[in-house]
Every structure is written in C-alpha cells, then in structure tokens.
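# Results of the structural survey
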There are 4 protein chains.
Amino acid sequence: MQLGIIGLGRMGGNMARRLIKAGHEVVAFDRHADAVQGLVADGGVGSASLEEMVAKLEKPRAVWMMVPAAVVDRTIESFVHHLEKDDILIDGGNSYYIDDIRRAKDLTAKGIHYVDVGTSGGVWGLERGYCQMIGGETGVVQHLDPIFAALAPSIDEAPRTPGREPGKGTAEHGYLHCGPNGAGHFVKMIHNGIEYGIMAAYAEGFNIMKHANVGKQGHEASAEQTPLRDPEHYQYDFDLGEVAELWRRGSVVASWLLDLTANAFLEDPGLERFAGRVSDSGEGRWTIQAAVDEAVPAHVLTAALFERFSSRGEADFADKLLSAMRFQFGGHEELPAKK
Amino acid sequence: MQLGIIGLGRMGGNMARRLIKAGHEVVAFDRHADAVQGLVADGGVGSASLEEMVAKLEKPRAVWMMVPAAVVDRTIESFVHHLEKDDILIDGGNSYYIDDIRRAKDLTAKGIHYVDVGTSGGVWGLERGYCQMIGGETGVVQHLDPIFAALAPSIDEAPRTPGREPGKGTAEHGYLHCGPNGAGHFVKMIHNGIEYGIMAAYAEGFNIMKHANVGKQGHEASAEQTPLRDPEHYQYDFDLGEVAELWRRGSVVASWLLDLTANAFLEDPGLERFAGRVSDSGEGRWTIQAAVDEAVPAHVLTAALFERFSSRGEADFADKLLSAMRFQFGGHEELPAKK
Amino acid sequence: MQLGIIGLGRMGGNMARRLIKAGHEVVAFDRHADAVQGLVADGGVGSASLEEMVAKLEKPRAVWMMVPAAVVDRTIESFVHHLEKDDILIDGGNSYYIDDIRRAKDLTAKGIHYVDVGTSGGVWGLERGYCQMIGGETGVVQHLDPIFAALAPSIDEAPRTPGREPGKGTAEHGYLHCGPNGAGHFVKMIHNGIEYGIMAAYAEGFNIMKHANVGKQGHEASAEQTPLRDPEHYQYDFDLGEVAELWRRGSVVASWLLDLTANAFLEDPGLERFAGRVSDSGEGRWTIQAAVDEAVPAHVLTAALFERFSSRGEADFADKLLSAMRFQFGGHEELPAKK
Amino acid sequence: MQLGIIGLGRMGGNMARRLIKAGHEVVAFDRHADAVQGLVADGGVGSASLEEMVAKLEKPRAVWMMVPAAVVDRTIESFVHHLEKDDILIDGGNSYYIDDIRRAKDLTAKGIHYVDVGTSGGVWGLERGYCQMIGGETGVVQHLDPIFAALAPSIDEAPRTPGREPGKGTAEHGYLHCGPNGAGHFVKMIHNGIEYGIMAAYAEGFNIMKHANVGKQGHEASAEQTPLRDPEHYQYDFDLGEVAELWRRGSVVASWLLDLTANAFLEDPGLERFAGRVSDSGEGRWTIQAAVDEAVPAHVLTAALFERFSSRGEADFADKLLSAMRFQFGGHEELPAKK
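These remarks concern the structure in this document. Note that the coordinates shown come from a computational prediction; the quantities given were computed from them, not determined experimentally. (Residues numbered from 1 in each chain as written. Chains lettered and ligands numbered in written order. Predicted model: local features only at pLDDT ≥ 70, side-chain atom pairs only at ≥ 80, totals over all residues. Heavy atoms only, no water.)

Each partner contributes residues to the interface: chain C has 90 residues there, and chain D has 90 residues. Both sides together, the interface formed by chain C and chain D hides about 7800 Å², and carbon and sulfur atoms give 68% of it. Interface area lost by chain C to chain D is led by Ile208, Arg249 and Val252 of chain C, which between them contribute 11%. Remark: the boundary between chain C and chain D carries 6 salt bridges. Close ionic contact of Glu242 of chain C with Arg164 of chain D constitutes a salt bridge, the shortest N to O distance being 3.0 Å. In terms of residues, the side of chain C that touches chain D owes the most to one element, helix α9 (residues 183–210) of chain C, which gives 17 residues. (Contact = heavy atoms within 4.5 Å. Buried area = accessible area lost by both parts, 1.4 Å probe. Salt bridge = Lys/Arg side-chain N within 4 Å of Asp/Glu carboxyl O. Helix = DSSP H or I, 4+ residues; strand = E, 2+ residues; numbered from the N terminus.)

See below:
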C-alpha cells in the first residue's frame, strides 16, 4: 500500500527502505533535501514540502511521522490543514502517551484518525525488523496491517513459545495492537524503562568484576577510610569482553543487550571512547511518573534512571552537602581524588 | 573421558546425561539410590557409596560435585581421604567464591587440585547446554576441556559476534577459564546478581502495565490519600502475555528471561499459581557484599535483592514503625487494606 | 489582625486557637457546625456559611483555607465570587505547587491575591508552633506577617545558629517567604520528601536491629535458601525503645522524628497497634516528579516512597512474576510463608 | 575513678578532658608526645609508653582505647601482655562488632574483660557529651558506670519522653548497656547507617531545591534529550541556607544534622570549599552486610552508601558501559559535558 513518511533520519530512513523492499510505495518528506534524494535513489517517491507529500497521496491518506518527540506537535500543526476527513496520521516516534491522548482527541474533532506506534529496533531495524507497539482505533489499525507487517521482524527471529496456539494474533510477528490511543506509546515507554533497568544491571555487574582486583592496591589505615578486610578475596583480573561473550550462550542472562555488550567490548575493551555521560531520552522518566501515579514501586527502574543523572554530574551539589555535614560534625576533610 | 559425579538432582542428573550422550563415561553417586538407578538405565555407571565411586575411577581421578552449596564442605570431608595426589575435585554448584579460595588452599596442601565451576542453564541445560564459568589452575582446566566442551551449548545458540577472530578462546562455545580459584564462582555470582536485576526490571515494568487501569477505580478525596490527578491517563487493560510475546522479536529488551516470561503468561495469565514470596539463593547477596567491599555502587542489583526480601514480609516491622511515626506526629490512622 | 479560616480539622482548628491566643480575631467556617461551635467557645467568631464568613471580614479580607488538597479548587470556586479586588486568599494545606501557579494566575486576573503556605507541625503545632513556608507577592506576604509570626514557633525552640547575624530575616522564627507563588508549597513538598527519607532511614535501621537475633533460629540446608554463614553474629535481642531513647541525646541522629519514635516504642513496644500499611499523602510523589523533571538523582527519597507503596501490597504482582520466572528456568517452587 | 586512655586524637582527647572535668583521673598515652603534653597541661596523667600507662593504673585496671578501627588489633597485641586477670579493656572506636565478638573470646581466655562502646558525638562531644552504646558483661559494664555517666550528655539535652517512668535505666542519660559483646558496636553501626540515610535525605532534597530554576535555562529539541515539559514550573531561586534555618523550628524534619546543615550554609552558601568526594568509614557498609545477612530490606540506607561511592567516581566504568550500549543499539553519541 501507499504511505507518506515525514522524517528520514536514522530511524525513518531505514523504515522507509524496509517498506520499499516489501513492495510498498513510500512518499517521503524530510527538511534535509539530500535525505529525500537518497530515498528516491532507493525507490521512494520524494516531496519538496509537506503539502506536496500530501498531494501525492491517495485518499484516505496514511502519513507516518518519524521525528523527535519534541517537534511532533509543531509538525502536525504545520500540515494538518492539508489533511482531510478519514485520513490517518501515525506518530512512530518516542512521544509521551499523554500527548497521544490529547492529539487523538483534537484530531478526532477534525475527522482525522490518529495512531501511536512505539517502535523499537534502533539502527538494527533495517536488517532485524522493527518491534511495533500500536495504539488506536481497531479498524484503523487493521487497515494499516500491511505496513506494520512489513516493518515487523520475521517470526523466525525467535523460536515459537511452546504451547502457543498457531495463528493467535500478531504479537509473535513483532507487532501488536495494544489498546486505544496512547496504548502503543505506553507500552513503548515501559519497554524503555525496562531497557534502562536491564542495561544498569549489566553495567553494575561488569563494574563489580572490573574492580575485582582492588585487593592488589594498598590501603593505609585511617579513621577516614575503611581498609578492605580481606584483600586476598579481590585479586581477579577478569577479561570482561570474554565474560560477555561467554554469557551469550546457555546462561540465564543471555539477551540482545548482552550481544551488544560483547560487540562493545570487542571493539574497545577499555571503553575508552566514552566519558560516561549517559543520556536519557524521556521514556525512562515517564515510566517513573507512571509508577508514582499508580502507586506502584519501581526501585530498579528508578535507580537505573537516577544513575544516568548522576553520570552527568547532577548529584554534585548533594555530594558537596554531604561533605559539608561531615566536616561540621566530625571535622572530616575530603580525601584527595584517586589518580 | 571419565568423570565421577556426586549429586543427581535437577542439575546434576541432566549434566550426567548430557555427558553420557557426548560419549563420556560417568560414574555417579547420589544419596538417593533410585536417582543412581535412573542414571544407570541411561548409560551411566552407578555407585552405592562415595568410596565405591572413587574406586571405580582411573587415576588421576576427576570428580564433579553437584550438591547444594551448604553441604559442599561436609561432602568433601566425607570422602577426601579416598582421593590421592593429582586427583581433581570440581565444585559445579553455587558455592561462595570465598569458600573456593579456602578449599583450594586446603586441598593443595594434600596435592589435590580444586576447580570451581559456576554453571548456568537451570532445568533447560540438558537441551540447551550449560554455560560454564571456570576457576582453577590452567593445566588442570585444560585437562578437563572435553568435559566442559560436552556440557557447553552449541556455538550456534547465538550468532557470532561480528569481527570476532575465529578460534579465539572458548567463550563463544559457552565455557571460559575465568581465572585462578574462585574466579569461576565469582563470575557466576555476578551472573546471578545481574539475573536478579534483569528479572526485577521486567517484573516492575509488567507491574506498571498491570496497574495502568487505576484510573477506572474511584478515589475519595481525603487528607490521607492523594487522588490521581488525571484518571483518564490510566484507562488501559493490557494483555501482558501478548506484550511479552511481542517484545521477543525486534525489541531492545529481547532476552531468554523474556522468553520465559512469555511462557509463564501463556501457562497462567494471572500468575495465580504463585503467592509472590520470592526466594533468593545466595549469589545475589554475595554480589552486594562484593560491591560494598569494592566500594562500587550497585543500586539496581541491591534493589532487586531487597525487593525479594520485602516479598517475604521482611519489611513488615519497618512499615509498622513508619505507621507509628505518622500516628505520633499527625494522628494519622492506617487505612483499611484494599480488597 | 483579622483572619478568616475555612476548615477546622486537626490542623485548622489548632491554628485558629493559636491565633486567638495571640490576640488575633478569627472568623471561622467549617462544614461541620459543631467544629465551628467549638471554636466559638474558645473565642472565635463563627459563620454558618462561606458567604457569612466573607461578610464578617473587613476589607481587604484575608482568608486562610485549611482543607484537603483535593478540595481546594472546589472550595475556591464555591465562594470566590464573594471576594473582591485586593482580598487575599491563603492556601495553608498540602497543595501541589503547580496548582498554586495556576490559581495565582487565575485569581490575579480577578484582582485577588493568592498566597501558598506549606505548614508543618502536625497535631503538635498548637503547642510547638507551625513552621511556615510561604510563596506569594512580597507586599502581600509582609501584610500577613502578624499572622505568620503568631503561628510560628518560638525562636527559643532551637539554639541560634552560631555566627548568624541577629535580626536577619524571619527564618529563625520559623517562617520564611520562600519566593513567588508556588515557592511555599515547593519547599513544603521537599520538606515532606525529606521527611519520608528520614523516616525510612530510622525504620530500616530499627528493622535490622529487630532481626539481629536471626542466628538463634535454625535453618535447613537447601538449594532454595542460603544458610546464614555465621549464626553467632546474630544473637542480639535489642530493646528498641531504649535504643531510640538513648540516641535522643548526644548522638548524630537526634531529631524530632526520633523523639516521636521513642514515644511510639514507649506506648507500644511491639508496635502491634499497626498493620504496616503506610499511607503517603502526595508531597513525596511530587518530590520525585520534581527530581525527574530536573534530572536530579533522588535514590533515597524515591526508595522511601516506594517502600510505602510496597507496604500496601502494590508489589505483589511483580513478586508473582519473579516467582513465575524462577519456576520457568529452574523449576523452583515457592517456599511456604514463615509463621 | 581512674581510667587509662590510649589515643588522644579528635575524639579521645576531648573525652579525656570531659572525664577530668568530671573529677576522674585519666592516665593517657598517645604516640604523639605533644598530645600527651597537652592533656597533662589540662590535668591528666601522662605516659611515655603503653607499659608506663599500665604501670600507673591500679588493679583491676580499666583502659579505654580510642584509636582507628584498623589499628585496634595491633594496639591490643602490643600491650595485652602487660594486663592481668580482671583488667578491663574498652574499645571506644568504630570497630566492626564481629571483631568485638572475636576479641572478647580471645581476651576472656586470658581472664581479661572486654567492653565495646560505640561513641557518637564527633567534635561536639566535649561540650555536648557523648552518646554511648555499650556491649559487654553486665557486672563489668556496671563497674564502669561512673565513666559512662561522666562522658554522657546531660539528661536536659532533650525533654523527657512523656510517660517515661522516672529512673528507668540509663538510656535517657545518653548511655545504654545494649547487650553482650558486640552489641555496643552493632547499635553504633546501625546508628551510623541511619546517619548516612538521613544525611542523604537532606542532601537529595536540597539538591532538588538547588535545581528548581532549571526552567530558566533553554533546551534544544533533540532525539538525545527530553525537553522540560513545563519550564514555568521550575523558575525558583531558593535561598537554601534560609530554608535550612527555617526548618529547625516547628518542622517535622528538625534534627541535629539539620542544625549542622544550617551552619554549613551560613559559613559557605555555595559549599565551594568541597569537591563532593564523600568518604565513608565502615559502619555504613557493615549495616548493609547485616541487612543482607538477616535478609531484611534496606533500600534507603544502601542507596545512601552507594551515592557516596558514586561521588568518588566508582560508577565511572558502569557509566561508560551504558554509553557504549547506547552507541551499539542506536548509534547514540554522548553529549558534551555541561559547562
């Protein structure tokens, strides 16, 4: 079928190509003209403006936006007047599901259908397919099924769950209609919240292995610092890359993120390319907000998010206050930084 | 080659069978005679006592213990006098690596070699193979290579890490000599610590989705309870089993533990078979101890462990004290339990 | 000076009485007529309706609302049409500061001034005074100074901070103009967030002392449960009430909450009056939201909040999922509950 | 009565002086001769060696060690042979209670009594008195009562707990016999664990207030960074020192640590004297170990400890791994550091 795509960045460009390969017609727009040219070279239809893109689509139109969450609203605003009743607008980016609820309400008033799709797959999606979490009206989602199916991974990406009834829904094909508007991005939000937690679990574990040789360093006795009780218990120099590789097969912690960890260590064993300032892109924060609103504990997911904040120096003032209190009650001076 | 195995429980029995299938000779002992009978029926050599098992092994002997961590020392004590110089004793259970260091020292004094093997794979290992993390002397570990190789998963269990030099080490076959004694169980300890963290990440995430319909419940205004600001944001009834299935393909959080989660929801969508008292079996605790000794933060891994403690009611007294303080300063009474 | 007060509950009633004692005229309304009668008996002026209360106040009027956060908006709505330009409306309850910002904007359009006051002191305030955190326009806050001063604790409640310039501001009198609208409740929100953290610190610490006799209980060796390595290290039966009393003098952890803890243990050493379902009343949640919005880590404050959620059973489904996963990969059954 | 004191550092020197003021005879030794001279000038009896100190004491002797935890064992070893049956050795430092259990066992074999005293009060103790948590044999502890009473704070340091039976025990005088050997340092360990938690609660809370003006900073829209949804909610510039002062009277979070926080802000409002590398001195770590051994959750106390580790850069490698994973799955580059 025919699909308009707005945004040909890292995600959008690859998705367009995957659709073209599957035989769909993609009419694309990006504010960078060369991105559009590139797609045209790969078999897409280019547009010089949003208006042109809309004009090239048959009614009822389906337009997929793949732009940063922060610019979705202004993107909609800039071309919604070109759309007509029964057209479908899809937000495949990382929007906050609460914005979906609002947008769906606004667009419904205009007769336009809104679909929110949480899309996972990163730069690997072109090859591996995109896991899609979908929110919207049932009929509309069914209408778009050929698109979702083409973007989705192959069912062969993972063995069938034993006992699963054949033909039961689309989930095992890697896409799912999760519920009404917002449901797609809600599930994607939780997906990313979990992602942060899993990443932190690996990061902390590898960090403990990294420091398993602390017993080899001398420590002076002082009231400011606890000596290691049993230095002979911490004499290990682990090859972290080999451990990551090891766990990929047969272990309980095998996962795609572990595969990537093995890649990372193979490319740069000391991870020296990185300073350790870890970004977060919204979903982790919204996950915590949902947990708090629902009064559901989420110790791990929250700690994972907060560790990212700390990595960017956001705990510095709190730490200074701790040192200041220690100085106040015990005259304790800070120790010099480790070299 | 020939291997003695002590302990034919869930893990040991399957490992013995996997070795027999691979053409190795297994001489087994278990305190339950019928477990031994069962293995004999599958091609193993049985023994009625540890002494008999030792007698049936050619020198230098190799004996693999697969017994609960808490009984390893008394097992060694009960038959070590039958062993001789150059024999090899392997602990494949979930021992604390600090015990390995001590045991290796004690056994070395007797001329006996000790090897610690952290073994992952659970009840699936017979079919899927066992990921093995090995600590001990290099020559001894090399001598046992055929055993490790037979127990290990197939390299085909996961695609090769791109760029990995062919023939580089055994890690991609699912077993690795991690370092001197204790190194195997140290790495296994961290493996399980990470496992707890990953499991908690999924559990918290699914729990937030489970409660995504709280907006449907009414709440009274009271000074004791915050009303939900926007009930319309929490109106979703997610099919958690379908979401687990969905994420297995193409998502960032795909993993073996997620595969199992999909299994679990398929078998029992409401998880009603379980009360929610989550056991922990030692490694998670030791991981925290290592983090604390090394002065390395492990927020996520620790939170995951503590959530298990809480699930077993171990926070109850702390909670009572919180209610007592609230009563003291504000006269706040506890609200009745939710039905 | 003259002040209208709406809401004569636990907080409002005592505040009214403290003002009357200080020589102010209080015109009060409460939807329970007997609460109004009670205050009249103590020297207040009663009103049978909000309208009557407004009528009894001289212009420009000052009205202090002391009602649950959830009903502030509808309270304002129900009588704001009786107010006039230059009147002052004070919200002394536990409103979300974001609501203050909105209300101030709305009321400013009507020429009415809005002041938000975070009020701490609980049921002890009548005797001990109320710590007040104030947000609003400078002139308006100064106009209300006699009211704040009368409600505030005595400066003698705590020794002067050494080196503090005499006469520097009102903070050492227990009230402070913190900034523009919302600032008062923002600071109160953080106050309560910290309160949750401090309470949790005590609760966890006392819980560890409570369990310091676990070495006296026997444990069986099993693969499901780690035995305590050194039972002789956990043989203590502490008298928790005496420890709380002890720390009140000369220790680093002396605090008002510790005083209350000592009270609680004296009244009910086993805390048997409580089930351990700990409520939370909004500010702790909003504190986390602020931390997340600001990208500032708040591990402790969040953990304190989540422990309250857990105490109310909100982790149950997550725990079931953990047990389900353990069953899937290892065939582990849950252990029976401890008696 | 007469008491030998070893160690005249920040703590020991002040304790000796407080005892002398109370009329006790202090025979002191310190490896720095001028510390001894200083005490002699203040009325103490000096010794040039441990042997000399022992010789100057009447039998049965009582010797109080006030040295870093790491050198207690070697201190005992260096002079225990000068002690005799029925002499009493007191460790008033920050020993691990598990060492107390061992030492008591060893010394009992020699007929020497051991008493462990957790001592809180910091540099303020000379003036404020020392809160003492005591472990040891009942008779021995009673024998030392005059010493404990002299070191303890005045009962007037805090109002009596309402309803407390007059004359009930010593706790309200600021010292308590907590149980058998190790009990004193166990309670002190928990005291410090709680101290870390309370300090972190304040530090996090003030940090959130410090960043309450983030809405004033501009943010670009990008896929790497979530924009602040409502910048107008974060426009506050709080005077943190005034807030600390404010909360000292009438608030729920009033405490001695808050008094010190007010001091710290008064002396150095930006806390610029500190880099934010927060030391920890052992008890916080042991508290976590006790929690883990007892299987009791301690989210807050552990988070407080881990935040200190992070402040010293111990999370750096974990953070690099997180960035490496993000780069692997999404091609995400780290953002430059904030200026």
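More follows now that the structure is in view.
Turning our eyes to something else, we now look at the relation of the copies chain C and chain D. Take chain C, turn it by 180°, move it 0.0 Å along the axis, and it overlays chain D with an RMSD of 0.0 Å. Seen this way, the second copy is the image of the first under a two-fold rotation axis. Relative to the rotation axis, the C-alpha of Ser255 of chain C is the closest in chain C, positioned 1.9 Å from it. When the interface residues of chain C are mapped onto chain D, 100% of them are again interface residues, pointing to one common binding face. (Least-squares fit on C-alpha atoms with pLDDT ≥ 70 in both.)

Inspection of every chain in the model, using the stated rule, returns 64 aromatic pairs over all chains. Ring pairs connect the aromatic residues Tyr96, Tyr97, Phe186 and Trp286 of chain A together with Tyr234, Tyr236 and Phe238 of chain B, which therefore count as one cluster. The ring of Trp256 of chain B has Arg128 of chain B lying over it, and the distance from NZ or CZ to the ring centre is 3.5 Å. A cation sits over an aromatic face here: Arg273 of chain B above Phe327 of chain C, 4.3 Å from the ring centre. (Phe/Tyr/Trp six-rings, centres within 6.5 Å; stacked < 30°, edge-to-face > 60°. Lys NZ or Arg CZ within 6 Å of the ring centre and 35° of its normal.)

Strand order across the open sheet formed by 8 strands is β3-β2-β1-β4-β5-β6-β7-β8 (chain C), with mixed pairing between neighbours. Since the sheet does not close on itself, it has two edges, and those belong to β3 (45–46) and β8 (175–179) of chain C, each with one partner. Where helix α5 (residues 97–108) of chain C meets the sheet, it contacts β5 (88–91) and β6 (113–120) of chain C, and its direction lies at approximately 155° from that of β6 of chain C. In this fold helix α10 (residues 240–247) of chain D packs onto β7 (131–135) and β8 of chain C, with an angle of close to 145° to the strand it touches most, β7 of chain C. (Pairing = 2+ DSSP bridges. Axes fitted to C-alpha atoms, helices over the stretch in contact; angles between N-to-C directions.)

With that settled, the discussion passes to the relation of the copies chain A and chain B. What connects the two chain copies is a rotation about an axis and a shift along it. Superposition of chain A onto chain B requires a rotation of 180° combined with a translation of 0.0 Å along the rotation axis, giving an RMSD of 0.0 Å. Interface residue correspondence from chain A to chain B reaches 100%, placing this contact among same-surface, isologous pairings.

In this section: the sheet that holds strand β5 (residues 88–91) of chain D. All names here are of chain D. A sheet is described by the order of its strands in space; here 8 strands give the open sequence β3-β2-β1-β4-β5-β6-β7-β8, paired in mixed fashion. Edge positions in the sheet fall to β3 (45–46) and β8 (175–179), since each of these pairs with one other strand and no more. Where strand β2 (residues 25–29) meets β3, 2 bridges bridge the pair, whose relative direction is parallel. Considered in β3, the bridge of Ala28 is made with Gly46. Across the sheet, helix α4 (residues 72–79) touches β1 (2–6), β4 (62–65) and β5, and the angle it forms with β4 is around 150°.

Moving on: the pairing of β2 of chain D. Residue and element names in this part refer to chain D. A large share of β2 lies buried, amounting to 4 of its 5 residues. Taken together, the 5 bridges between β1 and β2 define a ladder with parallel strand orientation. Paired with Gln2 across the strands is Glu25, a residue of β2. Following the chain from β1 across helix α1 (residues 10–21) to the adjacent parallel β2, one finds a crossover that is right-handed. Read as a crossover between parallel neighbours, the route from β2 over helix α2 (residues 33–41) to β3 is right-handed. (Buried < 20%, exposed > 50% of the residue type's maximum accessible area, 1.4 Å probe, protein only. Right-handed = clockwise from strand over helix to strand, strands pointing away.)

A few words on helix α13 (residues 299–311) of chain D. All names here are of chain D. The end-to-end C-alpha separation of α13 is 18 Å, in line with the 18 Å expected for 13 residues at 1.5 Å each. The buried count for α13 comes to 12 of 13 residues, which makes it a mostly enclosed element. Listing the buried residues of α13 in full gives His299, Val300, Leu301, Thr302, Ala303, Ala304, Leu305, Phe306, Glu307, Arg308, Phe309 and Ser311. At the C-terminal side of α13, Gly313 shows a positive phi close to 85°. (Expected span 1.5 Å × (residues − 1).)

Another point: unusual backbone geometry. Here the residue pair Lys59 of chain C and Pro60 of chain C is connected by a cis peptide bond, since its omega of -10° sits within 30 degrees of zero. Phi at Leu271 of chain A is positive, roughly 55°, even though this residue is not glycine. Topologically, Leu271 of chain A is positioned in the loop between α11 (256–267) and α12 (283–294).

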